[in-house]
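So you can see what is in the structure, the chains are spelled out below.
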Amino acid sequence: MKTIFMGTPQFAVASLDALITAGCDIVAVVTAPDKPAGRGQKLNESAVKQYAVAHGLKVLQPEKLKDPAFIDALKALNADLQVVVAFRMLPEVVWSMPTRGTINLHASLLPQYRGAAPINWVLMNGEKESGVTTFFLKHEIDTGDILFTEKVTLTGHETAGELHDRLMYKGAGLLVKTVKGVESGRYNEHPQSALLAGVELKHAPKIFKEDCLIDWSKPAESIYNKIRGLSPVPTAYTVLNDKILKLYKAEYELAQPDIKPGEFLTDNKNYLKFAAADGFVSVTEVQLEGKKQMDIKEFLRGNKL
């Protein structure tokens, strides 16, 4: 099948590479336009574009997905299938174009955790398992009929960055399986509505800075899950001596605190722990506003509290 791949970040590169390695006919790659970044405002190419250029693939970078010139370029490719991994929401004129449809890879076990940040929310909510899902695109985001899924068991200690990498490679393998299944006709479509009866639906909306502020009145385990679920980006934070302190890694202990939530204990050498509702959260890797990221011992050597 002639296939168009759509994606932007590093997460999508593993899938594109797996499809190429499996011998899929990628006739074009659609990715985000180059954007100025850094102090010099040099144009920054997406990870997917860098890979595509290095492998001699045709690259399309539309500013607007309904641009007539872009639509005409897609039609001219006469693709049988489109594959979407970590890309923008597509208009119907785009996702309905290929004869075999448009497949999306999502980093959760749908229908749970539809939305922009499934990896973060799964960990923040303390789930015991996650996974990847492939499905055909429909009108409503992340609601299409499921093709294949693959589960992963969570340890309760991984960060969002670590789960990202696990699902990146797990998803790449599942996507190859899905494309081969669509090509051969060996697949079944499972409506998500059949999985919703009597189930509480959990969502994964985009995360904003205000969502990353720690509320120390919450239970210690909940705060611990939030820290690892936002690490390394967009990063949980608190305010310490009127400065923002980003929290990358932590541990927690259940014990009745004798100080108020948000107050802290430290020996100014080895530990810094904040009181929560039912225990303490010891932060082990932090970054103070204007400083570099460091472990807690290094941090305390330079910051007496």
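Residues numbered from 1 in each chain as written. Predicted model: local features only at pLDDT ≥ 70, side-chain atom pairs only at ≥ 80, totals over all residues. Heavy atoms only, no water.

A. Inspection of the sheet that holds strand S7 (residues 102-106) at higher detail. If you walk across this open sheet you meet the seven strands as S5-S2-S1-S6-S7-S8-S9, and the pairing is mixed. Strands at the two margins of the open sheet, each flanked by one partner only, are strand S5 (59-60) and strand S9 (146-153). Note that strand S1 (residues 2-7) and strand S2 (residues 25-30) share five bridges and pair parallel. Counterpart to threonine 3 in the pairing with S2 is isoleucine 26. Along the sheet face, helix H1 (residues 10-21) touches S1, S2, strand S6 (81-85) and S7 and points at about 165 degrees away from the line of S1. (Pairing = 2+ DSSP bridges. Helix = DSSP H or I, 4+ residues; strand = E, 2+ residues; numbered from the N terminus. Contact = heavy atoms within 4.5 Å. Axes fitted to C-alpha atoms, helices over the stretch in contact; angles between N-to-C directions.)

B. Here's a closer look at the side chain of serine 282. Here serine 282 lies in strand S14 (residues 279-288). In this structure serine 282 comes out as buried when scored by relative accessible area, which is 15%. (Buried < 20%, exposed > 50% of the residue type's maximum accessible area, 1.4 Å probe, protein only.)

C. Geometry of the packing of aromatic side chains. Inspection of the entire model under this criterion finds four aromatic pairs. For the pair tryptophan 216 and phenylalanine 274, a centre-to-centre distance of 4.6 Å together with 15 degrees between the ring planes defines the contact as stacked. Placement of the pair is tryptophan 216 in the loop between helix H6 (160-184) and helix H7 (220-229) and phenylalanine 274 in strand S13 (residues 272-275), with a sequence separation of 58 residues. Owing to a relative accessible area of 8%, tryptophan 216 belongs among the buried residues under this scheme. By the ring-pair criterion, three or more aromatic residues cluster together here, those being Trp216, Phe264 and Phe274. Here lysine 273 stacks its cationic end above the ring of tyrosine 271, 5.7 Å away from the centre of that ring. In this structure, lysine 273 is placed above the aromatic ring of phenylalanine 280, and the distance from its NZ or CZ to the ring centre is 4.9 Å. (Phe/Tyr/Trp six-rings, centres within 6.5 Å; stacked < 30°, edge-to-face > 60°. Lys NZ or Arg CZ within 6 Å of the ring centre and 35° of its normal.)

D. Quick look at the side chain of asparagine 225. Residue position: asparagine 225 is located in helix H7. Its relative accessible area of 7% is what places asparagine 225 among the buried residues.

E. Focus on the pattern of salt bridges. Under the definition given, this model contains 10 salt bridges. When the shortest N-O distance is used, the salt bridge between lysine 273 and glutamate 253 registers 3.5 Å. A residue pair is termed long-range when its members are at least 10 positions apart, and lysine 273 in strand S13 and glutamate 253 in strand S11 (residues 243-254) qualify at 20 residues. We classify glutamate 253 as partly exposed; its relative accessible area is 34%. (Salt bridge = Lys/Arg side-chain N within 4 Å of Asp/Glu carboxyl O.)

F. Geometry of the nonpolar core. Counting residues in each nonpolar core, the largest one holds 72 residues, and the members touching the most others are Phe5, Leu19 and Phe299. Examining the composition of this core, we find that 10 residues originate from one element, H6, more than from any other. In this structure, Ile4, Leu60, Leu90 and Val94 belong to the second largest nonpolar core, which totals 21 residues. (Core = buried A, V, L, I, M, F, W, Y, C linked by side-chain atoms within 4.5 Å.)

G. Quick look at unusual backbone geometry. In the segment running from leucine 110 into proline 111, the intervening peptide bond is cis, with an omega of 15 degrees. Relative to the assigned elements, proline 111 resides in the loop between S7 and helix H5 (118-124). Of note, the amide linkage connecting valine 233 to proline 234 takes the cis form, showing an omega dihedral of 0 degrees. Mapped onto the elements, proline 234 comes out in the loop between H7 and strand S10 (236-240). The residue threonine 235 is not glycine, and still its phi comes out positive at about 85 degrees.

By themselves these figures say nothing about function.
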